[in-house]
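# Coordinate inspection notes
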Protein chains: 2
Amino acid sequence: MMTRAQVAQAQARAAAQLSAQGIALTPAEQAQIEVADFGLGDLAHTGLQIVVYVNTDRYCAKELLLFPRQTCPEHRHPPVGSDRGKEETFRCRSGQVWLYVEGEPSAQIAAHPPLGSESAYTVFHEITLLPGDQYTIPPNTKHWFQAGDQGAIVSEFSSASRDAYDIFTDPRIRRLPEVMDEAD
Amino acid sequence: MMTRAQVAQAQARAAAQLSAQGIALTPAEQAQIEVADFGLGDLAHTGLQIVVYVNTDRYCAKELLLFPRQTCPEHRHPPVGSDRGKEETFRCRSGQVWLYVEGEPSAQIAAHPPLGSESAYTVFHEITLLPGDQYTIPPNTKHWFQAGDQGAIVSEFSSASRDAYDIFTDPRIRRLPEVMDEAD
């Protein structure tokens, strides 16, 4: 749960991150930056800011904004009806991001799962993405990612996005954000 | 037909355009920038430079680089087998681009079809794209576009790309580039 002020602050920070990288948004897009705390109420550690450019029934493009050391928690995109599950390509635009997917665990990993949530992180095959690097994640594959100390901008290109169907390893997570009014 | 030197020069210019905008490519991507003169041998006027980030059977993402007043000629993406035809979203990143699609012709248009090729331009519904603006083109819809005086960078998000099936209005056009060795 976040307050409107927290959401607005994160939106402004994400917009500044894009602007510093020369990535232009319309005012309408800025106002609609999605701030996801995944229901854990600890945005600084577990969270993601998202600009959805387009999401049709065929393809989707987004910018993912990560603050320093912010983590997008482990999840997968399962088949939904005739859709075999979302396939997605992450391309690092600025900063640094460590991506973890299923496969041989790396001997040492650079990221740290958020404190208190360690049991919800189970895949440790590390891929380091610097600006210009990209990686494509097959459907229904567990993955999570964390930004380096400068944060990161990651472009996501994918098949259709149906976030409500994402399956998170952490049973406490709610994908769709809940915002409370200050007066609540 | 282009010479290898012409291709290399256009690749270097396109890479510089991306770099100036803070868009990082790997060395391998730089070496593979596609230079399309559409077989007309007049790249400065009719041409396009393309970086393909990813092209799976489900989605595709590219950067389109246009030099000042360079034109991508009129074409459409027809259905291919079970694919209903490529659907694509153009998002302007820098510079300015005028996009023309089917529909009510605009009273005045800002772009000029390349001299001598006017008959191959038949749709004139104008959409102006500045940084942060985007437009989605339905499958099988004729379209063409031209950059403004500063050139343009346009991100293209789409369903799967099958360039060889594109249908151009100009019967002289060959989509897949032909390059000759200097000694030829």
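Before any of the text, the structure's been laid out above.
Treat the numbers as computed from the prediction; the structure is a model and nothing was measured.

## Re the overall build of chain A
For chain A, the count of helices and strands is two helices and eleven strands. Walking chain A from its N terminus toward its C terminus, one meets helices and strands in the order β-α-α-β-β-β-β-β-β-β-β-β-β. Scaling as 2.2 N^0.38, a compact globule of 184 residues should have a C-alpha radius of gyration of about 16 Å, and chain A matches this with 16 Å. Referenced to the eigenvectors of the C-alpha coordinate spread, the extents of chain A come out at roughly 45 × 35 × 35 Å. Of all 184 residues assigned to chain A, the portion counted as buried reaches 52%.

## Some points on the interface of chain B and chain A
With 33 residues of chain B at the contact, the number on the chain A side is 33 residues. Scanning the region where chain B abuts chain A turns up ten salt bridges. Our enumeration of links across chain B and chain A arrives at 22 residue pairs in polar contact (both at pLDDT 80 or more). Elements with a minimum of two residues in the side of chain B that touches chain A: β3 (48-55), β4 (60-66), β6 (88-101), β8 (134-137) and β9 (143-158) of chain B. Here the element with the most residues in the side of chain B that touches chain A is β6 of chain B; it accounts for four residues.

## Observations regarding helix α1 (residues 4-20) of chain B
Residue and element names in this part refer to chain B. Helix length check: α1, at 17 residues, gives a terminal C-alpha distance of 24 Å against a target of 24 Å (1.5 Å per residue), a fit within 8%. Within the sequence span of α1, burial applies to V7, A10, Q11, A14, A15, Q17 and L18. Along α1, the residues classed as buried sweep out an arc of 155 degrees about the axis, all on the same side. In this structure, α1 carries Q9, S19 and A20 as exposed residues pointing more than 90 degrees from its buried face.

## What to know about the relation of the copies chain B and chain A
Superposing chain B onto chain A takes a rotation of 180 degrees combined with a translation of 0.0 Å along the rotation axis, leaving an RMSD of 0.0 Å. Read as a symmetry element, the transformation amounts to a two-fold axis. For chain B, the minimum C-alpha distance to the rotation axis belongs to Y59 of chain B and amounts to 2.9 Å. In this assembly, 100% of the residues forming the interface of chain B have copies in chain A that are likewise at the interface, indicating an isologous arrangement.

## Structural notes on the pairing of strand β5 (residues 71-76) of chain B
Residue and element names in this part refer to chain B. The buried count for β5 comes to five of six residues, which makes it a mostly enclosed element. Examined bridge by bridge, β5 and β9 share three bridges and lie antiparallel to one another. Within the sheet, the bridge partner assigned to C72 lies in β9 and is F145.

## Regarding the pattern of salt bridges
Tallying each qualifying case throughout the model produces 22 salt bridges over all chains. Taking the shortest distance from any N to any O, the salt bridge between E87 of chain B and R58 of chain A comes out at 3.9 Å. Of the two residues, E87 of chain B is situated in the loop between β5 and β6 and R58 of chain A in the loop between β3 (48-55) and β4 (59-66); the pairing between them involves two chains. Just as E87 of chain B is buried, R58 of chain A falls in that class too. For D149 of chain A, the salt bridge goes to R69 of chain A, with nearest N and O atoms at 3.0 Å. Placement of D149 of chain A in strand β9 (residues 143-159) and of R69 of chain A in the loop between β4 and β5 (71-76) is noted, with a sequence separation of 80 residues between them. D149 of chain A gets classed as exposed once you look at its relative accessible area, which sits at 53%. Here the salt bridges share partners, and the residues they tie into one network are R58 of chain A together with D83, E87 and R162 of chain B.

## A short note on the packing of aromatic side chains
Within this structure, the stated rule accounts for 13 aromatic pairs over all chains. Seen from their ring centres, Y53 of chain A and F157 of chain B are 5.8 Å apart, and the 10 degrees between their planes marks the pair as stacked. With one member in each of two chains, Y53 of chain A in strand β3 and F157 of chain B in strand β9 form a pair that bridges those chains. Like F157 of chain B, Y53 of chain A is buried. Sitting over the face of the ring of F67 of chain B, R13 of chain B holds its NZ or CZ atom 4.1 Å from the ring centroid.

## A few points about the side chain of T89 of chain B
Among the structural elements, T89 of chain B can be located in strand β6. The exposure class assigned to T89 of chain B is buried, which follows from its relative accessible area of 0%. Of the polar contacts made by the side chain of T89 of chain B, one reaches the side chain of T136 of chain B; its length is 2.8 Å. Leave out the neighbours within four places in its chain, and T89 of chain B touches V54 and Y59 of chain A together with Q134, Y135, T136, S155, E156 and F157 of chain B.

## Side note on the environment of P113 of chain A
Residues and elements named next belong to chain A. With respect to the helices, strands and loops of the structure, P113 is situated in the loop between β6 (88-101) and β7 (125-129). Given the relative accessible area of 18%, P113 is considered buried. In the structure, P113 is positioned 18 residues away from G95 in sequence and 19 Å away in space, judged by C-alpha atoms. Discounting residues that sit within four places of it in the chain, P113 has contacts with E118, Y121, F124 and W144.

## Notes on the nonpolar core
Ranked by internal contacts, the top residues of the largest apolar core, which has 28 residues, are Y53 of chain A together with Y53 of chain B. Contributions of two or more residues to this core are made by α1 (4-20), β3, β4 and β9 of chain A together with α1, β3, β4 and β9 of chain B.

The rules behind the values
Residues numbered from 1 in each chain as written. Chains lettered and ligands numbered in written order. Predicted model: local features only at pLDDT ≥ 70, side-chain atom pairs only at ≥ 80, totals over all residues. Heavy atoms only, no water. Helix = DSSP H or I, 4+ residues; strand = E, 2+ residues; numbered from the N terminus. Rg over C-alpha atoms; globule rule 2.2 N^0.38 Å. Buried < 20%, exposed > 50% of the residue type's maximum accessible area, 1.4 Å probe, protein only. Contact = heavy atoms within 4.5 Å. Salt bridge = Lys/Arg side-chain N within 4 Å of Asp/Glu carboxyl O. Polar contact = N/O pair within 3.5 Å; in protein donor to acceptor, adjacent residues only side chain to side chain. Expected span 1.5 Å × (residues − 1). Arc of directions from axis to C-beta. Least-squares fit on C-alpha atoms with pLDDT ≥ 70 in both. Pairing = 2+ DSSP bridges. Phe/Tyr/Trp six-rings, centres within 6.5 Å; stacked < 30°, edge-to-face > 60°. Lys NZ or Arg CZ within 6 Å of the ring centre and 35° of its normal. Core = buried A, V, L, I, M, F, W, Y, C linked by side-chain atoms within 4.5 Å.

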